[in-house]
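An overview of the molecular structure
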Amino acid sequence: NLMRENINKFNVAEKPLKMTKKLIDKEFFPKDPEILAAFLHENLKNLNLTNVGQLIGDIDEYAGVIRRNYIGQMNFKGLPLDEAMRVMLKKFMLPG
């Protein structure tokens, strides 16, 4: 399936932001950062968590908007800080 192929391109990309922008240009990934963040959450089980971390950790301004939306869409309500951190860190691998 075409979506799986494009998710695989993201997963093996050495530069996830560059690949994300290419996939957006080809209209395989949504351009709107809020929708793209939701797309990442919805497809998380199929995504390379290291590349998700590299994408949202990039210093690029667009990546920063994606990051704010991605983190903002997580629900931490009522969780103690340590549990909230564990929930968040299951959704991406920290770069570096």
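Up top is the structure.
Residues numbered from 1 in each chain as written. Predicted model: local features only at pLDDT ≥ 70, side-chain atom pairs only at ≥ 80, totals over all residues. Heavy atoms only, no water.

Time to look at the packing of helix H4 (residues 49-57) against helix H5 (residues 61-72). Two elements in contact, H4 and H5, have axes separated by 7 Å at closest approach and are oriented at 115°. Of the residues in H5, those touching H4 at Val 52, Leu 55, Ile 56 and Gly 57 are Ala 63, Ile 66, Arg 67 and Tyr 70. Its residues assigned to classes, the contact of H4 with H5 shows six nonpolar, one polar and one charged. (Axes fitted to C-alpha atoms, helices over the stretch in contact; angles between N-to-C directions. Helix = DSSP H or I, 4+ residues; strand = E, 2+ residues; numbered from the N terminus. Contact = heavy atoms within 4.5 Å. Nonpolar A, V, L, I, M, F, W, Y, C, P; charged D, E, K, R; others polar.)

Moving on, we come to the packing of helix H1 (residues 2-12) against H4. The contact between H1 and H4 brings their axes to 8 Å, and the two run at 75°. Our classification of the angle between H1 and H4 gives roughly perpendicular. The residues of H4 that touch H1, namely those facing Phe 10, Asn 11 and Val 12, are Asn 51, Val 52 and Leu 55. (Parallel < 35°, antiparallel > 145°, perpendicular 65-115°, else oblique.)

A surface patch of nonpolar side chains, amounting to about 400 Å² of accessible area, comprises Leu 81, Met 85, Leu 89 and Leu 94. Mapped onto the fold, Met 85 is located in helix H6 (residues 81-89). (Patch = residues over 30% accessible without salt bridge, like charges linked within 9 Å, V, L, I, M, F, W, Y side chains within 5 Å. Areas by Shrake-Rupley, 256 points an atom, 1.4 Å probe, with all protein chains shown as cover. Salt bridge = Lys/Arg side-chain N within 4 Å of Asp/Glu carboxyl O.)

This next bit is on the pattern of salt bridges. Enumeration over the complete set of coordinates arrives at two salt bridges. Of the charged contacts, one joins Lys 21 and Asp 60 as a salt bridge, the two residues approaching to 3.4 Å between their closest N and O atoms. Of the two residues, Lys 21 sits in helix H2 (residues 16-25) while Asp 60 sits in the loop between H4 and H5, which places them 39 residues apart along the sequence. For Asp 60, a relative accessible area of 24% translates into the label partly exposed. (Buried < 20%, exposed > 50% of the residue type's maximum accessible area, 1.4 Å probe, protein only.)

Structurally, Asn 51 is set in helix H4. Classification of Asn 51 as buried rests on a relative accessible area of 5%. Setting aside residues no more than four positions away along its own chain, Asn 51 makes contact with Phe 10, Asn 11, Val 12, Ala 13 and Pro 16.

Among the secondary structure elements, Phe 10 is positioned in helix H1. Judged by relative accessible area, Phe 10 falls into the buried class, the value being 0%. A sequence separation of 44 residues divides Phe 10 from Gln 54, and the C-alpha atoms of the two residues are 11 Å apart. The residues contacting Phe 10, other than those within four sequence positions of it, are Pro 16, Met 19, Thr 20, Leu 23, Phe 29, Leu 47, Asn 48, Asn 51, Val 52 and Leu 55.

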